[in-house]
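# Breakdown of the fold
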Amino acid sequence: KYRELVESSAAMIFSLDADGKILSINQAVSGLLAYQPASLIGKNFLSLIHEPLDVSIRFRKQLIFDKLEEVRHTRNPIQLSIDFATRHGEPRELDLRIEYVATPDGYVFFGKASSQAEDSLLRFCERENMKYVIGNYLTLSEEISHRITHNLTRYCDTSTAVSIRICVSEM
């Protein structure tokens, strides 16, 4: 029953050993990051963190390492949003939660990473001004086009809204 719940979840559910190596990971990783679960078993979890090209902001892996240490010492769960690397090298921001779980043999880190929740206040927004600067990432263009056109159905039919979204994504 629990295996079915974990495997059918849309969230990436995983366990890590004390060194941060992946012990188990569910099938959702293939949809979220385009990896096959079996290819990740035994790899270090930090290898899934996206490394930006800009050296001045390469702190994400150290942040996750520090957070794992915090969970290890305090035994309190942590939550943060982090850019994961897809198999194609593009970043994908996911909400991450990691907690400490005692086992008969010691402990493991139990984690869950999922797509970010929709902004519940967005439907009340009448005007917004944002500037996006992205590299040549297809997944980001899809996310941004969705974000920009999210409320269009309030002002036009669904077919027109979808067409506008495709146009924005292609730009």
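The preceding data block contains the structure.
The present account deals with the structure reproduced in this document. Bear in mind the structure is a predicted one, so any value in this text is a computation, not a measurement. Here the residue numbering is sequential within each chain, running from 1 through the sequence in written order. Given that this is a predicted model, residues contribute local features only at a pLDDT of at least 70 and side-chain atom pairs are listed and counted only at 80 or more, while totals for whole chains, interfaces and linings are drawn from all residues. As a convention, hydrogens and water are excluded, and side-chain values are obtained from all of the structure's heavy atoms.

### Regarding the side chain of aspartate 83
- The helix and strand labels rest on DSSP assignments: H or I over at least four residues marks a helix, E over at least two residues marks a strand, and numbering proceeds from the N terminus. Inspection of the secondary structure assignment puts aspartate 83 in strand E3 (residues 78-85).
- Residue contacts follow a heavy-atom distance rule, with two residues in contact if any of their heavy atoms lie within 4.5 Å. Not counting residues up to four positions away in its chain, the partners in contact with aspartate 83 are Ile49, His50, Arg60, Pro91, Arg92 and Glu93.

### A look at the nonpolar core
- Nine residue types can take part in a nonpolar core, namely buried Ala, Val, Leu, Ile, Met, Phe, Trp, Tyr and Cys, and a core is a set of them joined through side-chain atoms within 4.5 Å. Residue burial is assigned from relative accessible area. The probe radius is 1.4 Å, only protein chains are included, and a residue is buried under 20% of its type maximum, exposed over 50%, and partly exposed in between. Judged by nonpolar contacts, the single largest core of 28 residues is most densely connected at Met12, Phe45, Ile64, Phe84 and Leu96.
- Setting aside chain neighbours within four positions, we find phenylalanine 84 in contact with Met12, Leu33, Phe45, Leu48, Ile49, His50, Glu90, Pro91, Arg92, Leu94, Leu96 and Ala113.

### What to know about the pattern of salt bridges
- Each reported salt bridge corresponds to a side-chain nitrogen of Lys or Arg within 4 Å of a carboxyl oxygen of Asp or Glu. Here the structure, examined in full by the defined rule, presents three salt bridges.
- Across the pair lysine 67 and glutamate 70 runs a salt bridge whose closest N-O atoms are separated by 3.6 Å. Within this pair, lysine 67 and its partner glutamate 70 are both found in helix H4 (residues 60-74), separated by three residues, close to a single helical turn.

### Here we look at the packing of aromatic side chains
- Think of it this way: a Phe, Tyr or Trp ring, Trp meaning its six-membered ring, pairs with another when their centres are within 6.5 Å, and the plane angle makes it stacked under 30 degrees, edge-to-face over 60, tilted otherwise. Applying the stated criterion to the full structure yields four aromatic pairs.
- Arranged with centres 5.6 Å apart and planes meeting at 80 degrees, the rings of tyrosine 107 and phenylalanine 109 form a pair that is edge-to-face.
- These aromatic residues form a ring-pair network of at least three members: Phe14, Phe45 and Phe84.

### Some remarks on the sheet that holds strand E4 (residues 91-103)
- Pairs of strands are assigned from DSSP output, requiring at least two bridges between the strands. The strand order across the open sheet formed by five strands is E2-E1-E5-E4-E3, and the pairing between neighbours is antiparallel. Strand pairing shows two members of the sheet lacking a second neighbour, strand E2 (22-25) and E3, which therefore form its edges. The mean inter-strand angle of the sheet, taken between neighbouring strand axes irrespective of direction, is 30 degrees.
- Note that E3 and E4 share eight bridges and pair antiparallel. Residue serine 81 lies in a different strand from E4, and its bridge partner there is aspartate 95. A fitted line through C-alpha atoms serves as each axis, taken over the contacting stretch for helices, and the angle formed by two N-to-C directions is quoted from 0 to 180°.

### Focus on the environment of leucine 33
- With respect to the helices and strands, leucine 33 occurs in helix H2 (residues 28-33).
- Separated by 58 residues in the primary sequence, leucine 33 and proline 91 have C-alpha atoms spaced 8.9 Å apart.
- What leucine 33 contacts, discounting residues up to four positions off in sequence, is Met12, Phe84, Ala85, Thr86, Arg87, Arg92 and Leu94.

### Here's the deal with unusual backbone geometry
- Positive phi, close to 70 degrees, is recorded for alanine 34, a residue that is not glycine.
- Here alanine 34 is to be found in the loop between H2 and helix H3 (37-40).
- Of note in the backbone geometry, arginine 75 takes a positive phi value of approximately 60 degrees without being a glycine.
- Of note, arginine 75 is situated in the loop between H4 and E3.

### Focus: the pairing of strand E5 (residues 106-115)
- Bridge analysis of strand E1 (residues 12-16) against E5 gives five bridges, and the strand direction is antiparallel. Considered in E5, the bridge of methionine 12 is made with alanine 113.
- What sits between the antiparallel neighbours E4 and E5 is a turn of two residues.

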